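Okay, here's what each chain looks like letter by letter:
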Amino acid sequence: MRVLTAIHDPVFVPRLYSRFDQFLLRFIKDERDLPFVHLCLRITLTLIPLSILLYMPFVTGWVWWAVAGVHFFLNNVAFKGPYGLMLHCTCHRPLFRKEYDFMNNYIPWVLAPFFGQTPETYFSHHIGMHHAENNQEDDDSSTMAYRRDSLRGFLRYFLDFLLTGLHGLMSYLNRKKRRKLATKAFVGEITFFTVCLILAFVNWQATVAVFILPFFIFRFVTMLGNWTQHAFIDPTDPGNPYKNSITCINVKYNRKCWNDGYHISHHERPAMHWTEHPAYFQKTLPKYVANKALIFDGIGYPTVFFCLMTKKYDVLARHVVNLDGTFANEQEIVRLLQQRTQPVRQAQSQPAFA
């Protein structure tokens, strides 16, 4: 168990801006999102040129593989996490001012395909379904029916999403009469794969490296994240964000990925700016105590996922923050963690998966 001390996750600190930053601030709604613009510029000036270079006929042999290696590193190690969570943040809070609204298409339509993310599907899924249903049975990406410390359960969860995710999303959105979102998701998915098919005739190796491989990696990573964020669910109160989500504090991931570790407060207040979560967390600590909410100090989602798959509950318990003596000892925490990873029998009598 850990005792809550200082919070080291990023918050907004006012500063003097360079002339270039002052120019950029003219276009965005919130100065706190200036790092997003810088990230967009870095991706545009590095990843996209490398992607184009892989299609050039004069780039062959070991040079092609060297470029592909640098591209893979930038795409999947350096940029994928920050980009994915920037996409997430800007779905909740548009980046550009109303008079420059057309520029809000740059992140989901221009940059997204280079990370294997089909345009519009993330917004339609995350805003149109996931937050609307809060990981409950109508959420097609709900983790409730699965045993969440089971590798077999996770692989089934991932494959179900990979193979039937679009169909499930479209069915849900049409059923809820959110047909505009359904249409956008369908158009985005079809456009992505149509372009990939055309480009495959130009250079199939480059198409695999630039679009297809990132597609599988992006979907795997997003489902791993959602699985971990909603791995511990109280079966008696599964709709309570304090009891179906977790919070990870004081971890490098929060600096790289815009405080994404604060998933409880994100579900409670989805539109809250990413820089406000640490202060809001400290302000609402009594709610965490009242709900026996799970706060992990010093470890992020990848470590939590690994511990779940290897059933290292003792490691997880050592990183749980014990607020106001909520837990008597680590054994009590282990029992709670094990209880909250069991499949939740859903109201629609759907099967549970180990």
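In the block above lies the structure referred to throughout.
Residues numbered from 1 in each chain as written. Predicted model: local features only at pLDDT ≥ 70, side-chain atom pairs only at ≥ 80, totals over all residues. Heavy atoms only, no water.

### Notes on the overall build of the protein
As a reminder, the rule being used: Helix and strand assignments follow DSSP, with helices taken as H or I runs no shorter than four residues and strands as E runs no shorter than two, numbered in order from the N terminus. Radius of gyration: C-alpha atoms only; globule rule: 2.2 Å multiplied by the number of residues to the exponent 0.38. The classification of residues rests on relative accessible area computed with a 1.4 Å probe and restricted to protein chains. Under 20% of the type maximum is buried, over 50% is exposed, and intermediate values are partly exposed. What makes two residues a contact is simply this: any of their non-hydrogen atoms within 4.5 Å. The Shrake-Rupley method, run with a 1.4 Å probe sphere, supplies the accessible areas, and residue values consider only the shown protein chains as cover.
In terms of regular secondary structure, the protein is built from 16 helices and 2 strands. In terms of overall size, the protein behaves like a compact globule, its C-alpha atoms giving a radius of gyration of 21 Å where 354 residues would be expected to give roughly 20 Å. If you line up the protein on its principal axes, its C-alpha atoms span 65 × 50 × 45 Å. Considering the protein as a whole, with its 354 residues, one finds that 55% of them fall into the buried category. When contacts within the protein are restricted to residue pairs at least 6 apart in sequence, long-range pairs at least 24 apart make up 71% of them. Surface accessibility of the protein: about 16600 Å² in total, with carbon and sulfur atoms responsible for 63%.

### A closer look at the pattern of salt bridges
Defined as follows: Salt bridge, as used here, is a side-chain nitrogen of Lys or Arg placed within 4 Å of a carboxyl oxygen of Asp or Glu.
The final tally for this structure, using the stated rule, is 12 salt bridges. When the shortest N-O distance is used, the salt bridge between Glu133 and Lys176 registers 3.9 Å. Here Glu133 is found in helix 5 (residues 121-133), whereas its partner Lys176 is found in the loop between helix 6 (151-175) and helix 7 (179-202), with 43 residues between them in sequence. Residue Lys243 is joined to Asp234 by a salt bridge in which the shortest nitrogen-to-oxygen separation is 3.7 Å. Neither residue differs from the other here; Lys243 and Asp234 are each classed as buried. By sharing partners, the salt bridges in this structure join Asp30, Arg32, Arg93 and Glu276 into a single network.

### A word on the layout of surface pockets
Spelled out, the test is: The way it works is a 1 Å grid over only the protein atoms, where trapped points that fit a 1.4 Å probe form a cavity and open points with protein on both sides within 12 Å along at least five of seven lines form a pocket, and then any residue with an atom within 4 Å of a point lines it. Grid points are joined across faces, edges and corners, and a volume is the space filled by probe spheres set on the points. Residues are grouped as follows: nonpolar covers Ala, Val, Leu, Ile, Met, Phe, Trp, Tyr, Cys and Pro; charged covers Asp, Glu, Lys and Arg; every other residue, Gly included, is treated as polar.
By volume, the largest pocket amounts to about 1000 Å³. Phe218, Val221, Thr222, Met223 and Gly225 are the residues nearest the centre of the largest pocket, which is lined by 40 residues in total. Elements represented by at least two residues in the lining of the largest pocket include exactly helix 3 (61-92), helix 5, helix 6, helix 8 (204-229), helix 10 (252-256), helix 11 (263-268) and helix 14 (301-309). By residue number, the principal contributor to the lining of the largest pocket is helix 8, which donates 11 residues. In terms of residue class, the lining of the largest pocket is made up of 18 nonpolar, 17 polar and 5 charged.

### Thoughts on the nonpolar core
The nonpolar side chains of a soluble globular protein tend to be buried with one another. The following threshold applies: Each nonpolar core is a collection of buried residues, namely Ala, Val, Leu, Ile, Met, Phe, Trp, Tyr and Cys, held together in the definition by side-chain atoms within 4.5 Å.
Among the nonpolar cores identified, the biggest contains 79 residues, and Tyr83, Phe232, Phe296, Val304 and Leu316 are the most heavily contacted of them. Not counting residues within four places of it along the chain, the set of residues in contact with Leu316 comprises Phe232, Phe296, Ile299, Val304, Cys307 and Leu337. Within the second largest apolar cluster, 12 residues are counted, among which are Ile249, Tyr288, Ala293 and Ile295.

### Considerations on helix 16 (residues 330-340)
As a reminder of what qualifies: We define a polar contact as two N or O atoms separated by no more than 3.5 Å, with the added condition that, inside protein, one atom must be a possible hydrogen donor and the other a possible acceptor, whereas residues neighbouring each other in sequence contribute only through side-chain atom pairs.
Residues of helix 16 that are buried: Glu332, Ile333, Val334, Leu336, Leu337 and Arg340. At its buried positions, helix 16 is contacted by helix 9 (241-244), strand 2 (294-297) and helix 15 (313-319). Between the side-chain oxygen of the N-cap and the backbone nitrogen of Gln331 there are 3.1 Å, and the N-cap of helix 16 in question is Asn329.

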